[in-house]
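Here are the chains, one letter per residue:
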Amino acid sequence: PFKDEAHALELANDSKYGLGAGVWTRDVKRAHRIGRDICAGVFWINAHHRSDPSAPWGGFKDSGIGRENGIDSLNEYTAAKKMVVRMAEAKEDWFGDVSSRYS
């Protein structure tokens, strides 16, 4: 039982876990407001445990690290790397000649 919407959010977020949460309601606008403010990786409205494999899945707080499924899961297993190759044979003065920095 809760007194009002703010109290319901306080109770829901008073957990060290945050994998999933959901509400059953006819007021979808209110549900979206709750979903925005609740600390959970997945939020269902009038449903539970449904998940599209192309959508990210994962929790907040002590409910795990990272995301599974979808493009977000690829980011968990990859890292961006930059490689610069200079092919010019002319001598370069990076610190002295400002124009050589971006040529």
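Scoring rules and cut-offs
- Residues numbered from 1 in each chain as written.
- Predicted model: local features only at pLDDT ≥ 70, side-chain atom pairs only at ≥ 80, totals over all residues.
- Heavy atoms only, no water.
- Salt bridge = Lys/Arg side-chain N within 4 Å of Asp/Glu carboxyl O.
- Helix = DSSP H or I, 4+ residues; strand = E, 2+ residues; numbered from the N terminus.
- Buried < 20%, exposed > 50% of the residue type's maximum accessible area, 1.4 Å probe, protein only.
- Phe/Tyr/Trp six-rings, centres within 6.5 Å; stacked < 30°, edge-to-face > 60°.
- Pairing = 2+ DSSP bridges.
- Right-handed = clockwise from strand over helix to strand, strands pointing away.
- Contact = heavy atoms within 4.5 Å.
- Polar contact = N/O pair within 3.5 Å; in protein donor to acceptor, adjacent residues only side chain to side chain.
- Patch = residues over 30% accessible without salt bridge, like charges linked within 9 Å, V, L, I, M, F, W, Y side chains within 5 Å.
- Areas by Shrake-Rupley, 256 points an atom, 1.4 Å probe, with all protein chains shown as cover.

Quick notes on the pattern of salt bridges
Stage number 1. All chains considered together, the criterion is met by 3 salt bridges.
Stage number 2. With its nearest N and O atoms 2.8 Å apart, the salt bridge here joins R33 to E5. With R33 in helix α2 (residues 28-37) and E5 in helix α1 (residues 5-13), this pair connects stretches of sequence that are 28 residues apart.
Stage number 3. By relative accessible area, which is 18% here, E5 ends up buried.
Stage number 4. Among the ionic pairs, D37 bridges to R36, the shortest N-O distance being 3.0 Å.
Stage number 5. According to the relative accessible area criterion, D37 is partly exposed, its value standing at 35%.
Stage number 6. Residue classification places R36 among the exposed residues on the basis of a relative accessible area of 61%.
Stage number 7. The structure contains a network of salt bridges with shared partners spanning E5, R30 and R33.

Regarding the packing of aromatic side chains
Stage number 1. Taken as a whole and assessed by the stated rule, the structure comprises 1 aromatic pair.
Stage number 2. Seen from their ring centres, W44 and W57 are 6.0 Å apart, and the 55 degrees between their planes marks the pair as tilted. Here W57 lies in the loop between β3 (42-45) and β4 (60-61) and W44 lies in strand β3, a separation of 13 residues in the sequence.
Stage number 3. Among the residues examined, W44 registers a relative accessible area of 8% and is labelled buried.

Points about the pairing of strand β2 (residues 20-23)
Stage number 1. Pairing geometry for β2 and β3, over 4 bridges, is parallel. By the bridge assignment for β3, A21 is matched with F43.
Stage number 2. For the crossover from β2 across α2 to β3, the handedness is right-handed.

Focus on α1
Stage number 1. Within α1, the full set of buried residues consists of E5, H7, A8 and L9.
Stage number 2. The inward-facing, buried residues of α1 contact α2.
Stage number 3. For α1, the side-chain oxygen to backbone nitrogen distance between the N-cap and A6 is 3.3 Å, and the N-cap itself is D4.

Here we look at the environment of G96
Stage number 1. Positionally, G96 belongs in the segment after α3 (70-76).
Stage number 2. As for G96 and D52, which are separated by 44 residues in sequence, their C-alpha atoms are 55 Å apart.

A short note on a nonpolar patch on the surface
Stage number 1. A cluster of nonpolar side chains, M83, V85 and M87, forms an exposed patch at the surface whose accessible area comes to about 410 Å².
Stage number 2. Overall, the relative accessible area of 70% leaves M87 in the exposed class.

Remember, this is a structural readout, not a statement about activity or role.
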